[in-house]
Amino acid sequence: MYLEQPHYVVITTGSAGDIYPFIRIALSVQSLGRKVTFITNSVHAKLVQNAGIAFVGFGTEEEYLKIIENPDIWHPQRAISVLFADSKDRFIEIDSVIQSTVLHNPTVILAHPLVIASAAMVRDHGQPCKIVSVILAPLGLRTCYDPLLIGEFTMPKWVPMSWRKMIWKFVDKTLIDPSALVQTNLARKAL
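Fair warning: this is a prediction, and the values are worked out from it, not measured in the lab. Residue indices follow the written sequence of each chain, beginning from 1 at its first position. Under the rules for a predicted model, residues below a pLDDT of 70 receive no local features and side-chain atom pairs below 80 are neither given nor counted, while totals for whole chains, interfaces and linings still include all residues. As a rule here, side-chain values cover all heavy atoms of the structure and leave hydrogens and water aside.

Once that is clear, we can look at the overall build of the protein. Along its length, the protein carries seven helices and seven strands. Helix and strand labels come from DSSP, where a helix needs a run of H or I of at least four residues and a strand needs a run of E of at least two; each type is numbered from the N terminus. Written out in order from the N terminus, the α and β elements of the protein read β-α-β-α-β-α-α-α-β-α-β-β-β-α. In this treatment the radius of gyration is a C-alpha quantity, and the globule benchmark scales as 2.2 Å times the residue count to the 0.38 power. In terms of overall size, the protein behaves like a compact globule, its C-alpha atoms giving a radius of gyration of 18 Å where 191 residues would be expected to give roughly 16 Å. Dimensions of the protein, computed from C-alpha atoms along their principal axes, come out at roughly 50 × 40 × 35 Å. Each residue gets one of three labels from its accessible area relative to the maximum for its type: buried under 20%, exposed over 50%, partly exposed in between, using a 1.4 Å probe on protein chains only. Within the protein, the fraction of its 191 residues that count as buried is 37%. It only takes one pair of heavy atoms within 4.5 Å for two residues to be counted as in contact. A fraction of 54% describes how many contacts in the protein between residues 6 or more apart in sequence connect residues 24 or more apart.

Structure, rendered in structure tokens:
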């Protein structure tokens, strides 16, 4: 239990559709009298600052547009590769931004799933903090139970549980790990 009020660090990435819900969360926490710092891509600086929340940015407009304007960002199988392409450097930059923000206060990090690895790296530096993953879309909640959705595919109810678990392992091995795990581990090694 914290003796002093924790510093809440809200960290997200993505489009305005990702940013607005996190702004609402930050404002709710701030209305309780808590210190809140919002970390996201620098493109969203005015949006966050206009809401009256302390802002720290990362990345450039060019990096942001490279992802947002890539047509594969909307493809169910290729989107993860777009999101995690060259993310090692982004993870390292986000880690640095978090380190410069949290200082010595007890910290609670509210993180979008795409930056949860960066939030977890804070602990590797010895910074005690609590990390909360904030999932905005039900699709982000992995389950083997009905309705089991993988992209646009709905798993038939008759598929046995053991097969469902194997399917998730296959998704990890073929779609997620080659991009996300590789880049995350490269960032962790560099740090």
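With that out of the way, let us pick up the layout of surface pockets. It is the rolling of a water-molecule-sized probe over the atoms that shows where space remains empty. Computed from the structure, the second largest pocket encloses a volume of approximately 240 Å³. A cavity here means a set of points on a 1 Å grid, drawn over the protein atoms and nothing else, where a 1.4 Å probe fits but cannot get out; a pocket is an open set with protein on both sides within 12 Å along at least five of seven lines, and a residue lines either one if it has an atom within 4 Å of a point. If you go around the second largest pocket, the residues you meet are Gly 59, Glu 63, Lys 66, Ile 67, Asn 70, Val 82, Ala 85, Asp 86, Asp 89, Arg 90 and Glu 93. Listing elements by their share of the lining of the second largest pocket, those giving two or more residues are helix H3 (61–68) and helix H5 (87–102). Nonpolar residues are Ala, Val, Leu, Ile, Met, Phe, Trp, Tyr, Cys and Pro. Charged residues are Asp, Glu, Lys and Arg, and all others, Gly as well, are polar. Of the residues that constitute the lining of the second largest pocket, the class distribution is three nonpolar, two polar and six charged. Grid points are joined across faces, edges and corners, and a volume is the space filled by probe spheres set on the points.

Looking now at the sheet that holds strand S1 (residues 7–11). A pair of strands is labelled paired if DSSP reports no fewer than 2 bridges between them. Read from one edge to the other, the open sheet built from five strands follows the order S3-S2-S1-S4-S5, with strand pairing classed as parallel. Both outer strands of the open sheet, strand S3 (54–58) and strand S5 (129–133), are each paired with one neighbouring strand and no more. Taking the axes of each pair of neighbouring strands and ignoring which way they run, one obtains an average angle of 20° across the sheet. Alignment of S1 against strand S4 (residues 107–111), held across five bridges, turns out to be parallel. Looking at the pairing, Tyr 8 lines up with Val 108 of S4. Helix axes use the C-alpha atoms of the stretch in contact, all axes being lines fitted to C-alpha atoms, and the angles between their N-to-C directions lie in the range 0 to 180 degrees. The strands that helix H1 (residues 16–31) touches are S1, strand S2 (35–41) and S4; relative to S2, the one it contacts most, it runs at about 170°. The sheet contacts of helix H6 (residues 116–124) involve S4 and S5, and relative to S5 the element is tilted by about 165°.

Turning our eyes to something else, we now look at a negative patch on the surface. Together, Glu 61, Glu 62, Glu 63, Glu 69 and Glu 93 make up a negatively charged patch on the protein surface. Take the negative patch: its biggest share by element is three residues, from H3. Examined against the element boundaries, Glu 63 turns out to sit in helix H3. Owing to a relative accessible area of 42%, Glu 63 belongs among the partly exposed residues under this scheme. By definition, no residue in a patch forms a salt bridge, and every one has over 30% relative accessible area; like charges are joined within 9 Å, nonpolar side chains (Val, Leu, Ile, Met, Phe, Trp, Tyr) within 5 Å. Surface accessibility in these figures is a Shrake-Rupley result with a 1.4 Å probe; residues are shielded only by whichever protein chains are displayed. Definition used for salt bridges: Asp or Glu carboxyl oxygen within 4 Å of a side-chain nitrogen of Lys or Arg. Only four residue types enter the tally: Lys and Arg on the positive side, Asp and Glu on the negative side, with His and both chain ends excluded. Where a charge lies is defined by one atom per residue type, namely NZ (Lys), CZ (Arg), CG (Asp) and CD (Glu).

What follows deals with the confidence of the model for the protein. For residues with low pLDDT, the predicted coordinates do not support detailed interpretation. Within a predicted model, pLDDT stands for the predictor's per-residue confidence, ranging from 0 to 100. In the predicted model, the protein carries a mean pLDDT of 84, and 95% of its residues have values of at least 70. When mean pLDDT is taken per element in the protein, helix H2 (residues 45–50) scores highest with 96 and strand S6 (residues 149–150) scores lowest with 70.

Right, let's get into H5. A helix is expected to reach a length of 1.5 Å times the quantity of its residues less one. Its 16 residues place the ends of H5 22 Å apart at the C-alpha level, agreeing with the 22 Å of an ideal helix rising 1.5 Å per residue. Burial in H5 covers these residues: Ser 87, Phe 91, Ile 94, Asp 95, Val 97, Ile 98, Thr 101 and Val 102. Seen end-on, H5 carries its buried residues on one side only, within an arc spanning 165°. Of the exposed residues in H5, the ones pointing more than 90 degrees away from its buried face are Asp 89 and Ser 100. What the arc describes is the spread of directions from the helix axis to the C-beta atoms.

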